[in-house]
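Residue-level listing of the chains:
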Amino acid sequence: MNSFLRHFAISAVSLAMMGGCAATVDSTVVTTTAIPTQITVALATPVQAEEALTLKQIMANPDWMGILAQGAYWSDDSQSVYFSRQAHQSPVRDYYQQSITATTANQLELSQLHLADQRNGVINQAKSQKAYIYQGNVFVKNLQSGDISQITRQNDAISGVRFLNNGDLAYWQGNNIFRLHQTTGMVEQIAAIQMANEPTGTEEPSSYIAKQQHRLMGYVALQHNNDKAREDYRESLAKADPTFSAQPWYLGDSETISEMSLSPDGRYVMLALTDKNYTWRAEHDIMPNYLGKDGYVDAVPARARVAEDAFPGQRLVLLDLIDHTKKDITIEGLTGFDEDVLASVKAENAKAQGKNYKSVKAPRLIQLMQDWEWSQSAMQWRETDNQLMVMVEAVDNKDRWIARVDLQKGKLITEHRLHDDAWVNYNYNQFGWITGTDSVYYLSEESGFSHLYTKSASGKITALTSGKYVVDNVTLSPDGKHIYYRANKDHPGSYNVYRVAVATGKSEQLTQWFGTLDYSLSPDGSALLLTASATTSPDELFIQPIGGEIKPLTHYTSDTFKQYPWQAPQVVAVPSSHGAGQVYARVYLPQGYDAKQADKYPAVVFNHGAGYLQNAHYGFSGYFREFMFHNLLTQQGYVVMDMDYRGSKGYGRDWRTAVYRNMGHPEVEDLKDGVAWLASNANVDAKRVGTYGGSYGGFLTFMALFNEPELFQAGAALRPVSDWAHYNAPYTANILNTPDVDPIAYERSSPIEHAHGLQKPLLIMSGVLDDNVFFQDSVRMVQRLIELEKPMFETAIYPVEPHGFVQPSSWLDEYRRIYKLFEQELK
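Engineer: Tell me about the sheet that holds strand β33 (residues 516-521), and name the residues and values.
Structural biologist: Strand order across the open sheet formed by four strands is β33-β34-β35-β36, with antiparallel pairing between neighbours. Every other strand in the sheet has two partners, leaving β33 and β36 (551-552) as the edge strands with one partner each. One ladder, built from seven bridges, connects strand β34 (residues 527-534) with strand β35 (residues 537-545); its direction is antiparallel. Looking at β35, one finds that Leu528 is bridged to Gln544.

What follows is the structure in structure tokens.
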């Protein structure tokens, strides 16, 4: 048994947290074992002096850990894999191809990149050709011979491509759509869309003076009549002469095209239009760069704030390229399209202002679904005919609809409505047609967890998965008989790949991994490409034939990292005293831990960022520096907890929406339960606990220190949000609505409104070039604390850093200060 398996087998049997070795996964299949929810801790193996971690190594350029494979995908013939590797501070990537039977990869030369199989592309109905875009140009590959033809060579980039039902190739560039006829090679422009008003042509005189001029001056009248005759001739010639290109479309000058989709036969174009006056930023939205390359302060453009970002929604328009007719798609067919879904929120805020609110129905703003993780379009045509499904969402974030488009009447017909009084998730929205059927599949959180459903043309809905687990990353098999998916069925922190038979609904587990993974199904449907990790083993690539054994493909983690005796954190379930059930957390114990020693241990609680993110899992943490820092803290006698507080990902809808209109309060309740658990189960002194975190974790550090001043004795807030009205709209409006509608939620949830509660030492650290959480957030908080006469805070600024720090020197300086704070206040 390899050391990875041995470690977790012992952990499952003895319920012990081990501090000893954990090596990389070898070719042995990793099996899922029972996962403990509590720990009875054995003595951790002490680290020798020469192996002790240092902050300088932890925060150094992470290339020492290994330059891992990224963006892996299958070759077209399913016999090899492509991926890239990029050194931490390198401006360019290197690209590789590796056979699934080989032990090493071949680096691709620059001259080979255009010949490499591409990750994205479209396949024709005969499955004989693949079209794709490389460096803005269109290429077509013969899948039998492997021959590649370049279709375009130009500087203006092509933005989309598809095969039509008859084998022709269509592509679009800007607002123009072209068709390459396979039989003749002719390129035909089938749509020229002008976002401008239609030219008026020769107009008849309308004013008295103009009419008099035409009546009295024969030359003027002659010129006018000749102009009309030429226009009539050109129009007649265009209709009669088949060599002319299609007439332009004039859609007005008030909008821009956000997205377009062409039907499989090339007849229809669906457009999503947005008001052209809407912008992601205003003139005053700038971020000063004090270290500009010319020695001056550069004004860097920055995004708008949620308090000012008024997105106008989108309008759907259907163009018939044959009849040259346009239909504005109406939304009345969307169930609840005019509901006042924010009525109770508006009434509560009005009452607080001494006013009354009267609910009125009105059409809501909509847009194509903006999922933050998918790569598909929100407009899905059935390949065999002109049936179109779209997924749209309300701009108020309360509804998501899957709707059929009536192409003849120009209206939407609801096929599925997902409503959430809080907000509809910006993940778990994959949907599409099932090959060879009239049914669609889709993900929905309607049960409380993301699950997979189908709906037939007759209206029958079938749940293909169910239970208290999360389904994502859906893939339809090449033959349409199975749907593959990823799920955390065994434990919220461990993921595997499954597939379900569309006809019978029977599911089967395909992988037996203990950790986290993602997958890609091979083009021929015979194997899985896995990107998988475990608690002490970073992502590597694996191949697993369907029904076969897993085999490692890459070994890029460095020997230096693999051979270090990392402590694998144990995932525990902390009972909630606030009605939340169990709160999962990672726990690291100090070297030489003794549960009975009289001198209790100090502890540090780490708050992960993003809010909606999962970190208490059995895979390698994306917070790899923090993972190493926590190992260092254990060597210095600390217990460390990393908690998936409410709002975190991986635990279902209700866990996600528990923070609706109340950010920073349920999460701090969970942190309180975490500290109590440490005191009862890990021999921690509850009066010597500190906390830290970045971004959302920095926000939580603020809220904990401001609202529960006795909970932590010190805290470090990295790149922290101090006022949600200054954060971006796509994220914040989901959770808190908008400041003009729901000021109560913003005042309740913004740390700057609670700063008067600070009593314990606080360290605030921010990057000046942070275009996510603006440096201004920290500036405003500092001024607020100064005016409140709070002497117990310090600040550190990082002039060249964005939200995610880049320079090792900045990382080192930041964590030296955090470590010093804990040493001073907790020891």
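Engineer: Provide a residue-level description of empty space enclosed by the protein, including the pertinent values.
Structural biologist: Under the definition given, this model contains four cavities of 30 Å³ or more. Estimated volume of the largest cavity: approximately 70 Å³. As for the largest cavity, its lining consists of Trp423, Tyr426, Gly611, Tyr612, Tyr645, Arg646, Gly647, Arg656, Val659, Tyr696, Tyr731 and Ile735. Of the residues assigned to the lining of the largest cavity, the class counts are eight nonpolar, two polar and two charged. Its volume calculated, the second largest cavity comes out at about 50 Å³. Lining the second largest cavity are Leu418, His419, Asp420, Trp423, Val424, Asn425, Glu445, Glu446, Arg653 and Arg656. Elements represented by at least two residues in the lining of the second largest cavity include exactly β24 (411-419) and α8 (653-656). Partitioned by chemical class, the residues of the lining of the second largest cavity number three nonpolar, two polar and five charged.

Engineer: I'd like a rundown of the nonpolar core, residues and numbers included.
Structural biologist: Trp724 and Leu762 are the most contacted members of the largest nonpolar core, which totals 91 residues. For this core, the element with the most residues is helix α10 (residues 696-707), which contributes eight residues. Once residues lying within four places of it in the same chain are set aside, the contact partners of Trp724 are Val306, Met663, Tyr696, Phe699, Tyr731, Thr732, Leu736, Tyr746, Ser749 and Ser750.

Engineer: Tell me about the layout of surface pockets, residues and numbers included.
Structural biologist: A water-sized probe, rolled over the atoms, reveals where empty space remains. Estimates place the volume of the second largest pocket at around 1,100 Å³. Along the wall of the second largest pocket there are 42 residues; nearest its centre are Phe311, Val395, Asp396, Ala733 and Thr738. Ranked by residues supplied to the lining of the second largest pocket, first place goes to helix α11 (residues 729-736) with four residues. Grouping the amino acids of the lining of the second largest pocket by side-chain chemistry returns 22 nonpolar, seven polar and 13 charged.

Engineer: So what's going on with helix α13 (residues 775-787)? Which residues, and what values?
Structural biologist: Within an α-helix, residues lying three or four positions from one another point in the same direction, as the helix has 3.6 residues per turn. Between the first and last C-alpha of α13 there are 19 Å, a value that for 13 residues agrees with the 18 Å anticipated at 1.5 Å per step. Taken residue by residue, α13 has Phe775, Asp777, Ser778, Met781, Val782 and Leu785 as its buried positions. End-on view of α13: buried residues confined to an arc of 150 degrees, all on one side of the axis. Where α13 is buried, its residues touch α10, β43 (762-767) and β44 (793-798). Of the residues trailing α13, Glu789 is marked for its positive phi of about 60 degrees.

Engineer: Outline helix α7 (residues 624-635), supporting the account with residue identities and numerical values.
Structural biologist: Compared with an ideal rise of 1.5 Å per residue, which puts 12 residues at 16 Å, α7 spans 17 Å between its outermost C-alpha atoms and is within 8% of the ideal. Burial within α7 is extensive, with 11 of its 12 residues counted as buried. Where α7 is concerned, the buried positions are Arg625, Glu626, Phe627, Met628, Phe629, His630, Asn631, Leu632, Leu633, Thr634 and Gln635.

The rules behind each value
Residues numbered from 1 in each chain as written. Predicted model: local features only at pLDDT ≥ 70, side-chain atom pairs only at ≥ 80, totals over all residues. Heavy atoms only, no water. Pairing = 2+ DSSP bridges. Helix = DSSP H or I, 4+ residues; strand = E, 2+ residues; numbered from the N terminus. 1 Å grid on protein atoms, 1.4 Å probe; cavity = no way out; pocket = protein on both sides within 12 Å on 5 of 7 lines; lining within 4 Å. Points joined across faces, edges and corners; volume = space filled by probe spheres on them. Nonpolar A, V, L, I, M, F, W, Y, C, P; charged D, E, K, R; others polar. Core = buried A, V, L, I, M, F, W, Y, C linked by side-chain atoms within 4.5 Å. Buried < 20%, exposed > 50% of the residue type's maximum accessible area, 1.4 Å probe, protein only. Contact = heavy atoms within 4.5 Å. Expected span 1.5 Å × (residues − 1). Arc of directions from axis to C-beta.

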